[in-house]
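So the chains spell out like this:
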Number of protein chains: 4
Amino acid sequence: MRDHVAAGLLEVAARVLAERGDQASMIDIAAAAGVARATLYRYFPNRDALLRALTDAALAELAERIADARLDAVPVPEAVARLTRAMVGAAAKYRGLVIFNKPPDMAREADHALTAPVGELFERGAAEGTFRPELPTRTLIEVYTGLLEGSVVRVLRGRLGVEEASAAITKIFLEGALVRPET
Amino acid sequence: MRDHVAAGLLEVAARVLAERGDQASMIDIAAAAGVARATLYRYFPNRDALLRALTDAALAELAERIADARLDAVPVPEAVARLTRAMVGAAAKYRGLVIFNKPPDMAREADHALTAPVGELFERGAAEGTFRPELPTRTLIEVYTGLLEGSVVRVLRGRLGVEEASAAITKIFLEGALVRPET
Amino acid sequence: MRDHVAAGLLEVAARVLAERGDQASMIDIAAAAGVARATLYRYFPNRDALLRALTDAALAELAERIADARLDAVPVPEAVARLTRAMVGAAAKYRGLVIFNKPPDMAREADHALTAPVGELFERGAAEGTFRPELPTRTLIEVYTGLLEGSVVRVLRGRLGVEEASAAITKIFLEGALVRPET
Amino acid sequence: MRDHVAAGLLEVAARVLAERGDQASMIDIAAAAGVARATLYRYFPNRDALLRALTDAALAELAERIADARLDAVPVPEAVARLTRAMVGAAAKYRGLVIFNKPPDMAREADHALTAPVGELFERGAAEGTFRPELPTRTLIEVYTGLLEGSVVRVLRGRLGVEEASAAITKIFLEGALVRPET
DNA sequence: TATGAATGAGTGTTCATTCAT
DNA sequence: TATGAATGAACACTCATTCAT
């Protein structure tokens, strides 16, 4: 029961924080949830605890999706597609909270959970010669995560659908936007 | 004289807002500029006015860079390269303020200033058959701006250089990250 | 049954209030008693009622001890000794609650219960020529009760024992701390 | 100018804290001083700082009075008289704040400033055979400080004057309340 | 003109108290 | 009856903004 309510509050909090940004107040969140401020504090002893719980949940969801994707069992391009879908999906569900608005002391942990799988995959791609050699792996990773982050914002704003965004990101990142000159 | 001081304050404000995020206080900004809070208020009657002025300056700079780029005088791929450099450069200089932290009532204007040139260019690309036909122009635009925004964040964090980012974004967006199968 | 539980709660409350001071919360008291907050409210409808009940109990105990002391049946010095022991004992048992932390509207009643026996005794002493005539009875009473109060605090802090304090207070108050010049 | 205002606020704070007890709010103090809450915070960055400043001032005053008293230059009984007057005077002026309501982390320091001169004086008295040998010095000290504290409360309540209390405390503590049997 | 001082409105947090089970 | 849950009112503290010098 308790967990159920807490989960509901988290969901509302995610929505409000996404809408109003990090400066959304506990007042805003409690009001959006239709409870008194003190009730919110029953479940999360302070603002930080709430943000932390939110980030925890988002990271857990993300980790699960990535694990389900079995990235190392498929070729790199397919793995990129799956990773993209996992990240866009999780970020959209949690309103981008994995990516933005991390409580400062979790930034490291969050960044790691986010960056690690990306790093591994791109290292493999580099080793296997999948990616253009003139682009350093580090740069590739930054641009890819930047692309993800920027696109998720659009998804959150309702300008792109999750599926639409995932597919387009994957396609453009891997093959580019230009029409291929036929050989 | 007056304008000169105001410009200096704006510069400081841009730096502080980029460092501390949107929750940087007028106190922070005034302190960083080495003036009293009340002095800051002499030049910008309130917080909103300051943010607006900042955004105005950034948009003006961006518009100038884009005009200089003569986008319609070159082929679409080259225009994308120039536009990318213009946007990354301007955003980096103004600490991303064109893109994030827009005062709510300027969002529309800012988005327009940002989106309009992108829109025109991509429409032309579509008309000329430069882009993959299976990707709707609207989607292309969103993903491109998302890529820009996400990458600028990395530049601001010092993880990518301006030139490095511009080149990589252009290359990846146009041609993809995959190594081309030789014909 | 009910009274028994209430008495137990009062005892716990006295201990907690003595330890944490007047700012001890109902939370603290309920937790120390091992019951839910709401249960505490079953027995004492609000914080004030609890404090009042506590003071009532302490005053009753004090009145009983004083009655047992048969003050008017013994010479004034012996009566002072007994009164002192009664007051220090009662105050120590109830953690000084008779003396401090009285609910404002009971202050008068409490002060009276405290002051009345002292007043009677000192009036008798004055009438009988027991006390130095240059010290007004009123002053004597104030200094004596002040001495009691201040000493009880030390007893509660564990710096003096009840017996030790009672004996020393009586001796010093009556005969002074100076060594007597032998006649 | 600044210091002057701060001193005025301290004075008001001392009065309010003495009246309302330790739970007096910053609201109460600011209102009593006729300023806005935020103004109070300009001078004392938080509640603790205010209490600390108050205690500092009181301890300084007390130390000065005690130094002025040249306790070691006079016989013990006269020294007790001077010490008593110094302590009652300082405590009355600062509303007993040296004695009660010490911020927890200053308790040690405050107790020391208070206890040290008392301890020295009573040790000397014991060494010189001034005090009754059957009363341990430690007990003497506790009872004396208790007497002081209890009497100061009466002074603060307006039931005793400073001079009246000082004289009575000294007389009773040294020679007792009983009329001396003539030799 | 530049600034120190003052303040109203809001935020996070706690606590006494009430309600539904 | 006993309790977990919910809440309104208060408090410490911050910040954008105004005023007097």
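Predicted, not measured: the structure shown is a model, and the values here were computed from it. For every chain, the first residue of its written sequence is number 1, and the numbers climb from 1 along that sequence. Labels are handed out in written order, letters beginning with A for the chains and numbers beginning with 1 for the ligands. In keeping with the model being predicted, local features are shown solely for residues with a pLDDT of at least 70 and side-chain atom pairs are shown and tallied solely at 80 or more, while totals for entire chains, interfaces and linings include all residues. Excluded from the side-chain calculations are hydrogens and water; all other atoms, namely the structure's heavy atoms, are used.

**Describing the environment of F122 of chain D**
All names here are of chain D. Along the chain, F122 falls in helix α6 (residues 107-127). Summary of the burial criterion: residues with accessible area below 20% of their type's maximum are buried, those above 50% are exposed, and those between are partly exposed, where the area comes from a 1.4 Å probe applied to protein chains only. Residue F122 is classed as buried on the basis of its relative accessible area, which comes to 0%. Sequence separation between F122 and Y43 is 79 residues; the distance between their C-alpha atoms is 40 Å. The contact criterion used throughout is that any non-hydrogen atoms of two residues lie within 4.5 Å. Discounting chain neighbours no more than four positions away, the residues touching F122 are F131, T137, L140, I141, Y144 and F173. Numbered from the N terminus, helices here are DSSP runs of H or I no shorter than four residues, and strands are runs of E no shorter than two.

**What about the relation of the copies chain D and chain C?**
Least-squares fitting of one copy onto the other uses the C-alpha atoms of those residues that reach a pLDDT of at least 70 in both copies. Superposing chain D onto chain C takes a rotation of 178° plus a shift of 0.1 Å along the axis, which leaves an RMSD of 0.4 Å. Taken together, the rotation and translation describe the operation of a two-fold axis. An overlap of 95% is found between the interface residues of chain D and their copies at the interface of chain C, pointing to a shared contact surface.

**A look at the protein's contact with DNA strand F**
A cutoff of 4 Å decides nearness: a residue is near a molecule or strand if any of its heavy atoms lies inside that distance of it. Taken together, 31 residues sit near DNA strand F, with R2 and R42 of chain A, Y41 and R47 of chain B together with T39 of chain C positioned nearest. When the atoms of DNA strand F within 4 Å of the protein are grouped by moiety, sugar and phosphate amount to 62% of the total. Identification of polar contacts relies on pairs of N or O atoms within 3.5 Å, with a donor-acceptor requirement for protein atoms, meaning one able to donate a hydrogen and the other able to accept it, and with residues adjacent in sequence counted only if both atoms are side-chain atoms. M26 of chain B places a polar main-chain atom, nitrogen or oxygen, 3.0 Å from a phosphate oxygen of DNA strand F. A distance of 2.8 Å separates a base nitrogen of DNA strand F from a polar side-chain atom of R37 of chain D. Secondary structure elements with two or more residues in the surface near DNA strand F: α3 (37-43) of chain A, α2 (26-33) and α3 (37-43) of chain B, α3 (37-43) of chain C together with α2 (26-33) and α3 (37-43) of chain D. Taken together, the residues of the surface near DNA strand F sort by class into 16 nonpolar, 6 polar and 9 charged. As a working rule, the residues Ala, Val, Leu, Ile, Met, Phe, Trp, Tyr, Cys and Pro are called nonpolar, Asp, Glu, Lys and Arg charged, and the rest polar, with Gly in that last group.

**Focus: the pattern of salt bridges**
A side-chain nitrogen of Lys or Arg and a carboxyl oxygen of Asp or Glu constitute a salt bridge if their distance falls within 4 Å. Going through the model one piece at a time under the given rule, you end up with 56 salt bridges over all chains. Residues R82 of chain B and E78 of chain B are paired through a salt bridge, measuring 3.0 Å at the closest nitrogen-oxygen approach. Of the two residues, R82 of chain B and E78 of chain B are both situated in helix α5 (residues 76-93); the distance of 4 residues between them amounts to about one turn of the helix. Of the residues examined, R82 of chain B reaches a relative accessible area of 29% and is grouped as partly exposed. Salt-bridge contacts for R138 of chain D lead to E164 of chain C; the nearest nitrogen and oxygen are separated by 2.8 Å. One end of the pair, R138 of chain D, is in helix α7 (residues 137-156); the other, E164 of chain C, is in helix α8 (residues 162-175), on a second chain. For R138 of chain D, a relative accessible area of 45% gives the class partly exposed. A relative accessible area of 29% means that E164 of chain C is categorised as partly exposed. A single network of salt bridges, built from pairs that share partners, joins R132 and E134 of chain A together with K171 and E175 of chain B.

**Structural notes on unusual backbone geometry**
Despite not being glycine, R70 of chain A has its phi angle at roughly 45°, a positive value. On the basis of relative accessibility, which here comes to 49%, the residue R70 of chain A falls in the partly exposed class.

**Considering the protein's contact with DNA strand E**
Surrounding DNA strand E, one finds 32 residues, the nearest of these being T39 of chain B, R47 of chain C together with R2, T39 and R42 of chain D. Among the atoms of DNA strand E close to the protein, meaning within 4 Å, 59% are from sugar or phosphate groups. In this structure, R37 of chain B approaches DNA strand E through a side-chain N or O atom, which is 3.4 Å from a base nitrogen. With respect to DNA strand E, the side chain of Y43 of chain D contributes an N or O atom lying 2.8 Å from a phosphate oxygen.

**Quick notes on the interface of chain D and chain C**
Counting residues at the interface gives 39 residues for chain D and 38 residues for chain C. Considering only the side of chain D, the residues that lose the most area to chain C are R132, E142 and L178 of chain D, jointly responsible for 18% of the buried surface there. There are 12 salt bridges connecting chain D and chain C. The residue E142 of chain C makes a salt bridge to R154 of chain D at a minimum N-O spacing of 3.6 Å. Put simply, chain D and chain C have 26 residue pairs in polar contact (both at pLDDT 80 or more) between them. Among the secondary structure elements, those contributing two or more residues to the side of chain D that touches chain C are α7 and α8 (162-175) of chain D. Top element by residues in the side of chain D that touches chain C is α7 of chain D. It accounts for 13 residues. Classifying every residue of the side of chain D that touches chain C gives 17 nonpolar, 10 polar and 12 charged. Once two parts are joined, some of their accessible surface, as seen by a 1.4 Å probe, is lost; buried area is that loss totalled over both.

**Quick word on the UniProt feature "domain: HTH tetR-type" (unreviewed entry) in chain A**
Residues annotated by UniProt as "domain: HTH tetR-type" (unreviewed entry) correspond here to residues 3-62 of chain A. Measuring from the first to the last C-alpha atom of residues 3-62 of chain A gives 20 Å, for a span that is 82% helix and 0% strand. UniProt positions are given in the numbering used here, feature names are shortened, and annotations may be inferred rather than shown by experiment.

**A look at the packing of aromatic side chains**
Each Phe, Tyr or Trp ring (for Trp, its six-membered ring) is paired with any other whose centre lies within 6.5 Å, and the angle between the two planes then decides the class: stacked below 30 degrees, edge-to-face above 60, tilted in between. All chains considered together, the criterion is met by 16 aromatic pairs over all chains. Pairing Y144 of chain A with F173 of chain A gives two aromatic rings, centres 5.1 Å apart and planes at 55°, and the pair type is tilted. In this pair, Y144 of chain A sits in helix α7 (residues 137-156) while F173 of chain A sits in helix α8 (residues 162-175), placing the two residues 29 residues apart along the sequence. Here F122 of chain B and Y144 of chain B contribute two aromatic rings whose centre-to-centre distance is 5.3 Å and whose plane-to-plane angle is 40°, an arrangement assigned as tilted. Taken as a pair, F122 of chain B in helix α6 (residues 107-128) and Y144 of chain B in helix α7 (residues 137-156) lie far apart in primary sequence, 22 residues in all. Residue classification places Y144 of chain B among the buried positions, given a relative accessible area of 0%. Of the aromatic side chains, those joined through ring pairs into one cluster are F122, F131, Y144 and F173 of chain A.

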